[in-house]
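The residues making up each chain are set out below.
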Amino acid sequence: MKARYSAALALVAATAIMAAAIGALRAQNAPIVMKLATPTLNDGQHEWMKLVGAAVEKNSGGRIKAELYPASQLGSIPRMIEGTQLGSIQSFNGPPEFYVGLDQRFELLSAAGLFQSEEHAIRVAADPEFAKAFLALGANKGLIGVSLFVGGPVGFATRAPFRTLADLKGKKIRIFASPFQFEQITRLGATGVPMSLGEVLPALQQGTIDGTISNMGIFSTFRYFDTVKYANETGHAYAFEWAAVSKRWFDALPADLQDVVLAATRDAGPAATRRQMDFLARRRKAWVEGGGELDVLSSADKTEMMAKIGTVGDDIVMTKPELRPLWDLLRAAVKRNL
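Here's what I pulled together on the structure shown here.

Points about the sheet that holds strand S8 (residues 211-214)
- In spatial order, the strands read S7-S6-S8-S5-S9-S11; together these six strands make up an open sheet with mixed pairing. The open sheet has two free edges, formed respectively by strand S7 (191-194) and strand S11 (293-295), since each of these has just one partner strand. Averaged over all adjacent pairs, the angle separating strand axes in this sheet is 30 degrees, with direction ignored.
- In terms of strand pairing, strand S5 (residues 155-158) meets strand S9 (residues 230-232) through three bridges, oriented antiparallel. Counterpart to Thr158 in the pairing with S9 is Tyr230.
- Its contacts with the sheet put helix H6 (residues 179-187) on S5, strand S6 (172-175), S7 and S8, and the angle it makes with S6 is roughly 160 degrees.

This is the structure in structure tokens:
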């Protein structure tokens, strides 16, 4: 009887050990999760995530599993950036200006008058010397910059018509939390109101603000035309996207998977830019079809606008010498990529 009891216990113990071993083996073989987050939806930022997710899953042989979270599903922009620093989110991409709290140099690309066209902005973003320096900005903040790509020309969406510079005077305009944008709006006679993306549409609906700076991808995708009918792509500056991966997560990856992630994120930038340009063309059409109006400044107003705000970058850098080295790199890249 005792022998049979001892044998039964041994069988139970052996089964438990085998189950634990199988569980450990499964855990070892489970794919590494890569959560990718962005505040927007169905645009270049979202497209970048799709491209990266598909590439890392394919080229890792399934060892990395990508999970995509567009439209701020993982929290507000500051929370998503913090999550990426901590490693609970593995990648975040969005406008560089949202990282200004980590390093003021992130705001340099929002200076007015740098870029002559979309193609010019694309060439500067791909400039090896400048891109290397700009992608390195988050290195001491837990972020590895992996991709810089173009979001398109900046413009305004407003509750009242914006057809001349005089139409902006006295208006409250949502901006990024960047002295560069704040100073631009001030010089145009309006008041800048820093605000995260999720707050913009309710503020427009309630009349808390009179308009917002962004690009047509945001205006049309988020159906601002249901609330505000007027858009003007002034193109006085260009929107960019800066994508990062969590340094804490990346450093824990095997070397071969680090190579997979770096290759996927590097290659996705140019492809996302091309798709973003096509996307913007469709969004302009959708804006008008949704009842919105697209306005253009006269050449005289555009010249006056640039005369007022074109020196903002140089003027701010003069008061912040810590910005000077990267600003000089940017201006040099702008010149050689004309």
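A look at the pattern of salt bridges
- All told, the structure shown has 19 salt bridges when counted by the stated rule.
- With a shortest N-O distance of 2.3 Å, Arg275 and Glu47 are connected by a salt bridge. Placement of Arg275 in helix H10 (residues 255-289) and of Glu47 in helix H2 (residues 44-59) is noted, with a sequence separation of 228 residues between them.
- Of the residues examined, Glu47 reaches a relative accessible area of 17% and is grouped as buried.
- For the salt bridge of Arg266 with Asp267, the shortest nitrogen-to-oxygen distance reads 3.0 Å.
- With relative accessibility at 53%, the residue Arg266 sits in the exposed group.
- Using a relative accessible area of 45% as the deciding quantity, one classes Asp267 as partly exposed.
- When salt bridges with common partners are traced through the structure, they connect Glu118, Glu233 and Arg284 into a single cluster.

So, how was this worked out
- Residues numbered from 1 in each chain as written.
- Predicted model: local features only at pLDDT ≥ 70, side-chain atom pairs only at ≥ 80, totals over all residues.
- Heavy atoms only, no water.
- Pairing = 2+ DSSP bridges.
- Helix = DSSP H or I, 4+ residues; strand = E, 2+ residues; numbered from the N terminus.
- Axes fitted to C-alpha atoms, helices over the stretch in contact; angles between N-to-C directions.
- Contact = heavy atoms within 4.5 Å.
- Salt bridge = Lys/Arg side-chain N within 4 Å of Asp/Glu carboxyl O.
- Buried < 20%, exposed > 50% of the residue type's maximum accessible area, 1.4 Å probe, protein only.

In short, the description is geometric, and any link to function would need to be established separately.
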